[in-house]
Amino acid sequence: MNRLKPIALTVALVAAHLATPALAQDKVQFFPSLTGRTGPVAPNATPFANGYADYMKLVNLRGGINGVKTLVEECETAYATDKGVECYERLKGKHGGATVFQPLSTGITFALTEKAPNDKVPLITSGYGRSDSADGGIFKWNFPLIGHYWVAGDTVLQHIAKKEGGWDKLKGKKIGVVYHDSPFGKELLPIMQERAAMHGFELLLLPVPAPGVEQKAIWLQVRQQRPDFVVMQTWGVMTPTAIKEAVATGYPREKMFGTWWSGAEPDLRDVGAAAKGYSAVMMQHGAEPQSAVVQDILTKVHGPGQGTGPKEEVGSVLYMRGVVGAMLAVEGVRAAQERFGKGKVMRGEQARWGYENLNLTQAKLDALGFKGVLRPVSTSCVDHMGSAWTRVHTWDGAKFTWASDWLQADEALIRPLVKNSAEKYAGEKKLTRRPPADCQS
Amino acid sequence: MLYRENGQFKTSYRADQQIFPIAQDRVVMALLLIFAVAVVPLVMPEYFFRAVLIPFLILSLAALGLNILVGYCGQISLGTGAFMAVGAYAAYNFQVRIEGMPLIVSLLMGGVCATVVGVLFGIPSLRIKGLYLAVATLAAQFFIDWAFLRIKWFTNDSSSGSVSVAGMNVLGLPIETPVQKYLFCLAFLIVFGLLAKNLVRGHIGREWMAIRDMDVAAAVIGIRPVYAKLSAFAVSSFIVGVAGALWGFVHLGSWEPAAFNIDRSFQLLFMVIIGGLGSIMGSFFGAAFIVVLPIVLDNLPYWFGIPIDTALAAHLTYMIFGALIVFFLIVEPHGLARLWSTAKEKLRLWPFPH
């Protein structure tokens, strides 16, 4: 008797579900969008979702992917892992099947990494998720395209070393790492520890519990220990809190460096001029209001009033990240069509091949309007990352300006780290490395 | 007339003491079990298993465990998330470190570890009670969050602090597909549901309830408060620990301590309060209310084809959900289970109420 009510509810749910008129038409490529428009990361995740949606609209206005129109449906996760899993389950089978998921959360990525191989849905996790998933030999369905935490961590240290005048100048120095006390934050640490051991600097680990608004204690530690630099792996409400605390502590902003989730306009706008001098490392793109793709979106999508979100944020850092994410998702499908048939709808499995054989040359990127925004990206069976370029930008009190030339992560350092970690994962899971023949599947 | 008990005579103690003394209840219960075991796996789409039914089953189990402690023994606990985490991480360690460890044994061992921790954190209940105890169990939540974030041994030296399991099977039968996972959780829930029901009907349950209602009077009639309180903590933590292990292993597959944070503790406490304190059935109602309702609310605009911003839908869900909690607690402070038993009372007289 005691389970009658929930089951009746469930039956009602199913009935309602089946009664829904099928929205999907034949030729539509479905791109689910897991959004974080509410919750602790809302100020940062909202522009991403808007950029993602707008670029997909632009693709349709440009004629789709060889004629196949894109379709976006959103599901709100509020950055919670269980909500994210629910959204994934809700969307993965809709409209002919999901093409690719971009969870925008490391926690959700960890959970989906276990599910994606069974469902045959690829995941793009640009700059987050598992760093070791760059090893395509073990992570067949994960694509940390254009960079992961270790690329960001390595290049931020390179930038600091360059400013100081060489790696040997870092010897004996102390670098504080302020990080979110979750897999998202901790994923940065292996590369920092590796570099610390190599160059003889000391790490001061400063974990902040989620969601990151309780930082008094760690900034007190910063005040006591006076690290020479502070590297921040923060996201959402955590970043502005950290910067305000730094202002209150009197820690110079010129010595603070964010990884690529900690350096966007919503993080610094409230602090404004007080945050002047704060820098963050960007995987290729930053705020690009002048780029061709942004102008295209402004005239074609926002012009007729079809835009998602406010017009002012178009071209801002996180909006661009959504645009880049959408572009990578679409170009993978385009690559897959080259092999499986132009103008056809690609299933997740086929799209996966596309992401694994992505070859975005500079000419292709320029034609899409990403001139000056991105450098070539080329993936393979072994390398699911495709590119390891970054730049550093600095807040001038009102906007970001580029503060460094292109930096490239040290492959010789990162590759073994990725491989070891991936092998450990495979060992725990009793997986074997994909044979070369599998690369063509 | 549907619910008429006339003519149902009990001629033995056995018949009088069964779980469902009324024939109609037995029939409905049997039909429900058949439906859950045999019909649901055939008709439900995959989404319902993964996103609705499996979380519902596992959280019902956790709520059942918590209800024993809060509802039957009157010891308020805010450490449920922590005990779930202990179950999950302990089961993970048994699975990873011992070659060839059977899945069910690791899950149950996870429960045993949670029992030990639960009893440890239950010791303060001998001296303090009510809200003070709630704050003391909060310590369990913070301490265990800290331990799983900081002590690398628990996570098998994972660099990110996140652990995952794969290749689950029971006696060679894989637990991979949603239906298999659903049936696996359902089996746990049925077994633990029956155990819990029998425990609370028996002398142990009566001791718990006596302690809950008035501990001094209970002690006077010969109930040992130490034994009663700690046994409630033990049984409750065991069930909660197993639920935690299932949540990690079956539902998430990969988890971090945040999956068992303080929000989870609150969520479970709300389930127990809204479902009905001191009622096994209430745990199921509460879990359904907390797990299923937000998903339904979230999906409603879509089902009716109303184009609505996802952020707005999420905010509306919170608002309606909050309003419903207040509404139900005003209408029936004793929880949804009480509403159900009132309905049963009315059905007995139907269609001739007097």
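Residues numbered from 1 in each chain as written. Chains lettered and ligands numbered in written order. Predicted model: local features only at pLDDT ≥ 70, side-chain atom pairs only at ≥ 80, totals over all residues. Heavy atoms only, no water.

What to know about the state of the cysteines
We apply this condition: Defined by distance alone, a disulfide is two cysteine sulfur atoms within 2.5 Å. Helix and strand definitions follow DSSP, with helices as H or I runs of at least four residues and strands as E runs of at least two, each counted in order from the N terminus. Only protein chains enter the calculation, and the probe is 1.4 Å; a residue is then buried if its accessible area is under 20% of its type maximum, exposed if over 50%, and partly exposed in between.
For the structure on display, the rule yields 1 disulfide over all chains. Covalent S-S linkage joins Cys75(A) and Cys87(A), the inter-sulfur distance amounting to 2.0 Å. Since a negative S-S torsion denotes a left-handed disulfide, the Cys75(A)-Cys87(A) link at about -70° is left-handed. In this pair, Cys75(A) sits in strand E2 (residues 69-76) while Cys87(A) sits in helix H3 (residues 81-91), placing the two residues 12 residues apart along the sequence. Per residue, the accessibility class of Cys75(A) equals that of Cys87(A), and both read buried. Cysteine Cys113(B) shares no disulfide, and the gap to the nearest cysteine sulfur, in Cys185(B), comes to 20 Å. Overall, the relative accessible area of 24% leaves Cys113(B) in the partly exposed class.

Examining the interface of chain B and chain A
What counts here: Contacts are assigned to residue pairs that have any heavy atoms within 4.5 Å of one another. What gets called buried area is simply the loss in accessible area from a 1.4 Å probe that two parts show on being joined, summed for both. Should a side-chain nitrogen of Lys or Arg be within 4 Å of a carboxyl oxygen of Asp or Glu, the pair is scored as a salt bridge. Between N or O atoms, a polar contact is any pair within 3.5 Å; within protein, one atom must be a potential hydrogen donor and the other a potential acceptor, and residues adjacent in sequence are included only when both atoms are from side chains. Residues are sorted three ways: Asp, Glu, Lys and Arg are charged, Ala, Val, Leu, Ile, Met, Phe, Trp, Tyr, Cys and Pro are nonpolar, and all the rest, Gly among them, are polar.
Opposite the 59 residues of chain B that make contact, chain A presents 51 residues. For the chain B and chain A pair, buried surface summed over both sides reaches about 5000 Å², with 63% attributable to carbon and sulfur atoms. If you sort the residues of chain B by the area they bury against chain A, Tyr302(B), Trp303(B) and Thr310(B) come out on top, with a joint share of 12%. Where chain B packs against chain A, one counts 6 salt bridges. A salt bridge links Asp298(B) to Arg90(A); its shortest N-O distance comes to 3.3 Å. Seen at the junction of chain B and chain A, the total is 18 residue pairs in polar contact (both at pLDDT 80 or more). When contributions to the side of chain B that touches chain A are tallied by element, the ones reaching two or more residues are helix H2 (23-43), helix H3 (46-72), helix H6 (131-150), helix H10 (225-252), helix H12 (280-303), helix H13 (310-331) and helix H14 (336-349) of chain B. It is H12(B) that contributes the most residues to the side of chain B that touches chain A, 11 residues altogether. Per-class residue counts for the side of chain B that touches chain A are 33 nonpolar, 14 polar and 12 charged.

Side note on unusual backbone geometry
Negative phi characterises most residues that are not glycine, and trans characterises most peptide bonds. For Lys120(A), which is not a glycine, the phi torsion comes out positive at approximately 60°. By the secondary structure assignment, Lys120(A) is in the loop between helix H4 (106-119) and strand E3 (123-124).

Focus: the pattern of salt bridges
When their charged atoms lie close together, side chains carrying opposite charge are able to pair. Considering all chains together, one arrives at 37 salt bridges over all chains under this definition. The residue Asp296(A) makes a salt bridge to Arg62(A) at a minimum N-O spacing of 2.8 Å. Separated by 234 residues along the polypeptide, Asp296(A) in helix H11 (residues 292-302) and Arg62(A) in the loop between helix H2 (42-61) and E2 bring together distant segments of the chain. Looking at Asp296(A), the relative accessible area reads 18%, which means it is buried. For Arg62(A), a relative accessible area of 32% translates into the label partly exposed. Each member of the salt-bridge network shares a partner with another, and the members are Glu89(A), Lys92(A), Lys115(A), Asp119(A), Glu46(B) and Arg50(B).

A word on the packing of helix H4 (residues 80-97) of chain B against helix H11 (residues 262-275) of chain B
Residue and element names in this part refer to chain B. For clarity, the threshold we go by: Axes here mean lines fitted to C-alpha atoms, for a helix over just the part in contact, with angles spanning 0 to 180 degrees between N-to-C directions. Each angle is binned into one of four classes, with values under 35 degrees roughly parallel, values over 145 roughly antiparallel, values of 65 to 115 roughly perpendicular, and all other values oblique.
Here H4 crosses H11 at 115°, and the two axes come no closer than 7 Å. What the angle tells us is that H4 and H11 run roughly perpendicular. Here H4 contributes Thr80, Gly81, Ala82 and Met84 to the contact with H11, which in turn contributes Arg264, Ser265 and Leu268. For the contact of H4 with H11, the residue count by class is 3 nonpolar, 3 polar and 1 charged.

Comments concerning a nonpolar patch on the surface
Residue and element names in this part refer to chain B. Selection rule: In this analysis, a patch consists of residues with relative accessible area above 30% that form no salt bridge, clustered at 9 Å for like charges and at 5 Å for the nonpolar side chains Val, Leu, Ile, Met, Phe, Trp and Tyr. Computed with the Shrake-Rupley method and a 1.4 Å probe, the accessible areas treat only the protein chains shown as cover for residues.
Taken together, the side chains of Leu120, Ile123, Leu126 and Val226 make up a nonpolar region of the molecular surface, amounting to roughly 340 Å² of accessible area. Checked against the element boundaries, Leu126 lands in the loop between helix H5 (103-122) and H6. The partly exposed category is assigned to Leu126, whose relative accessible area is 33%.

Examining the packing of aromatic side chains
Ring pairs (aromatic) are described by centroid distance and by the angle formed between their planes. Basically, it comes down to this: By convention, a stacked pair of Phe, Tyr or Trp rings (six-membered ring in the case of Trp) has centres within 6.5 Å and planes under 30 degrees apart, an edge-to-face pair has planes over 60 apart, and any other such pair is tilted.
Here the structure, examined in full by the defined rule, presents 31 aromatic pairs over all chains. A ring pair is formed by Tyr128(A) and Trp261(A), whose centres lie 5.6 Å apart and whose planes are at 70°; its orientation type is edge-to-face. Pair noted here: Tyr128(A) is in the loop between E3 and strand E4 (142-143) and Trp261(A) is in the loop between strand E8 (256-258) and helix H10 (265-268), with a separation of 133 residues, a long-range link. On the basis of relative accessibility, which here comes to 4%, the residue Trp261(A) falls in the buried class. Geometrically, the ring pair formed by Phe184(B) and Phe188(B) is edge-to-face, given 5.2 Å between the ring centres and 75° between the ring planes. Here Phe184(B) pairs with Phe188(B), and both are found in helix H7 (residues 178-201), just 4 residues apart, close to one helical turn. Using a relative accessible area of 8% as the deciding quantity, one classes Phe184(B) as buried.

Things to note about the packing of H3(A) against H4(A)
Any two packed helices are characterised by how steeply their axes cross, that is the angle between the axes, and by the distance between the axes. Residue and element names in this part refer to chain A. Threshold: Here a crossing is taken to be left-handed if its near helix is turned anticlockwise relative to the far helix by less than a right angle, and right-handed if that turn runs clockwise.
Axis separation between H3 and H4 bottoms out at 9 Å; the angle between their running directions is 30°. Overall, the two elements H3 and H4 adopt an arrangement that is roughly parallel. In this structure, the crossing between H3 and H4 has a hand that is right-handed. Along the contact surface, H3 presents Thr81, Gly84, Val85, Tyr88 and Glu89, while H4 presents Gly107, Ile108, Ala111, Leu112, Lys115, Ala116 and Asp119. In terms of residue class, the contact of H3 with H4 is built from 6 nonpolar, 3 polar and 3 charged.

Description of H13(B)
Residues and elements named next belong to chain B. Condition: To estimate the expected span of a helix, subtract one from its residue number and multiply by 1.5 Å. Note: the arc covers the axis-to-C-beta directions of the helix.
In this model H13 runs 31 Å from its N-terminal to its C-terminal C-alpha over 22 residues, within 8% of the 32 Å that 1.5 Å per residue would give. Taken together, the buried positions of H13 are occupied by Thr310, Ala311, Ala313, Ala314, Thr317, Phe321, Ile325 and Phe328. The buried residues of H13 all sit within an arc of 165° when viewed along its axis, so they share a single face. Summarising the geometry of H13, the exposed residues directed more than 90 degrees from the buried face are Met319 and Ile330.

Side note on the confidence of the model for chain B
Convention followed: Scored from 0 to 100, pLDDT reflects the predictor's confidence in each residue.
Chain-level statistics for chain B give a pLDDT mean of 89 and a share of 99% at 70 or above. Across the predicted assembly, pTM comes out at 0.86 and ipTM at 0.83.

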